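# Structural description and commentary
Next come the chains, spelled out residue by residue.
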Amino acid sequence: MAADKIIMHIDMDSFFASVEIRDNPDLKDKPVVVCSKTFHLHKDTSRGVISAASYPARKFGLHSAMPLSEAKRLCPDVICLPMNKTLYKQVSDNIIKVIQKHVKTVQQVSIDEAYVLLKDSVTTYEEAKDCALAIKNEVFATERITCSVGIAPTKSVAKIASGYQKPDGLTIVRPEEVTEFLTPLPITKIQGVGKKTAEIFDLLNIETIGDLAKADKRLIYEKLGKQGMAFQDMANGIDTAPVIETADVKSISRFYSLSPYTNDPAEIKMGAESVAEEVHEILTQKKMFFKTISVGLRYSDFTTATKSRSHTVHTSDIFFLKRHAQDMIDELLAGNEQKKKVRQINIGVSNLKKTDANQMQLTDFF
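Residues numbered from 1 in each chain as written. Predicted model: local features only at pLDDT ≥ 70, side-chain atom pairs only at ≥ 80, totals over all residues. Heavy atoms only, no water.

Attention now moves to helix 5 (residues 125–143). Compared with an ideal rise of 1.5 Å per residue, which puts 19 residues at 27 Å, helix 5 spans 26 Å between its outermost C-alpha atoms and is within 8% of the ideal. Two residues or fewer past helix 5, Arg144 is found with a positive phi of approximately 60°. (Helix = DSSP H or I, 4+ residues; strand = E, 2+ residues; numbered from the N terminus. Expected span 1.5 Å × (residues − 1).)

Burial analysis of strand 2 (residues 32–36) places four of its five residues in the buried class, which makes it a mostly covered element. As judged from the four bridges shared by strand 2 and strand 4 (residues 79–82), these two strands associate in the parallel manner. By the bridge assignment for strand 4, Cys35 is matched with Pro82. The sheet contact formed by strand 2 and strand 3 (residues 49–53) spans four bridges and is antiparallel. Within strand 3, the position partnered with Val33 by the bridge is Ala53. (Buried < 20%, exposed > 50% of the residue type's maximum accessible area, 1.4 Å probe, protein only. Pairing = 2+ DSSP bridges.)

Let's shift gears to the sheet that holds strand 5 (residues 103–110). Across the sheet, which stays open at both edges, the five strands sit in the order 5-6-1-7-8 with mixed pairing between neighbours. The open sheet has two edge strands with one neighbour each: strand 5 and strand 8 (170–172). Pairwise comparison of adjacent strand axes, ignoring direction, gives a mean angle of 15° for this sheet. Here strand 1 (residues 7–12) pairs with strand 6 (residues 113–118) via five bridges, running antiparallel. Of the residues in strand 6, the one forming a bridge with His9 is Tyr115. Set on the sheet, helix 4 (residues 85–102) makes contact with strand 1, strand 5 and strand 6; between it and strand 5 the angle comes to about 150°. Across the sheet, helix 5 is in contact with strand 1, strand 5, strand 6, strand 7 (147–152) and strand 8; its angle to strand 7 comes to roughly 165°. (Axes fitted to C-alpha atoms, helices over the stretch in contact; angles between N-to-C directions. Contact = heavy atoms within 4.5 Å.)

Quick look at the structure:
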């Protein structure tokens with residue numbers, strides 16, 4: 001089977017709450033919710049809406065979009081935390097970098113989920129499973145949080161599969177298994193079937209995906225129009241939506257993990273050269289120039305030191321990239337007064353523009 005017929009959906013497990021618990025281990029196994037809007041901690045007048053609930057919190061019936069007042073009624077001991085959007089964005093960016101290392105195309109659809117197409121060398125579901133395990137393991141090693149993965153022939157089935165064994169799940173649905181997998185599931189597992197649509201299906205005695213798959217097409221169209229027909233196609237495993245690389249690339253970055261952790265300048269330089277070459281390879285593929293270089297060192301205690309520098313002209317010269325990235329890394333190392341060991345090197349470029357096909361680069365002369 002061709003690689004473009006194998007689609008993977010990666011979904012972080014209770015993302016916001018998982019990041020908060022990671023950074024505060026005392027919260028582990030406690031009912032934690034991350035809230036948007038306004039709330040007043042430990043007061044009966046608490047106001048706000050849940051954005052994410054930990055799995056212990058979900059056991060009390062707490063879930064996203066639930067008013068905080070109701071959550072405190074269901075679970076008086078709930079721990080409410082405010083949103084930390086900057087932190088979540090940073091963790092999300094790091095996870096996308098991990099995923100990009102292993103696959104051909106990434107379509108990020110939200111801060112905590114993405115569809116991917118696998119590399120052309122991945123041609124079987126067993127190989128796709130190995131790729132998924134590698135991603136899961138590296139995400140956990142890098143960010144200390146888990147994700148769940150679904151692998152299937154279509155985007156809609158892959159998304160349902162990623163939620164099938166949460167948390168930390170991996171579910172594979174091969175083409176010949178799609179009908180058996182979908183048939184018993186509740187209709188609300190189909191993306192886009194919300195409360196109101198489910199009520200319409202309920203009036204039609206359609207409770208499961210299997211019910212919808214074999215329902216009268218004319219009746220579905222009469223009640224829900226084209227959207228209803230799209231839902232019925234999904235119920236039958238039909239979904240031609242492609243995985244499209246996330247548009248508007250504003251930066252390109254990669255990282256290099258050091259094992260064992262080290263503060264040896266020679267090893268760090270070797271890793272920096274390797275990751276700079278990866279960044280340059282992507283620049284070449286995308287035919288882009290950069291103007292800004294950013295570097296980061298992540299230490300053994302998970303703290304991060306970063307530095308960024310913009311230059312006067314756009315370029316895609318690999319020697320320029322290596323030299324200036326290494327200069328900034330050396331500056332960060334000089335500031336590492338506690339001599340903490342480095343676990344990860346990050347190099348990125350931004351302020352991008354498409355190359356002029358007629359413009360020569362230094363590397364063109366070698």
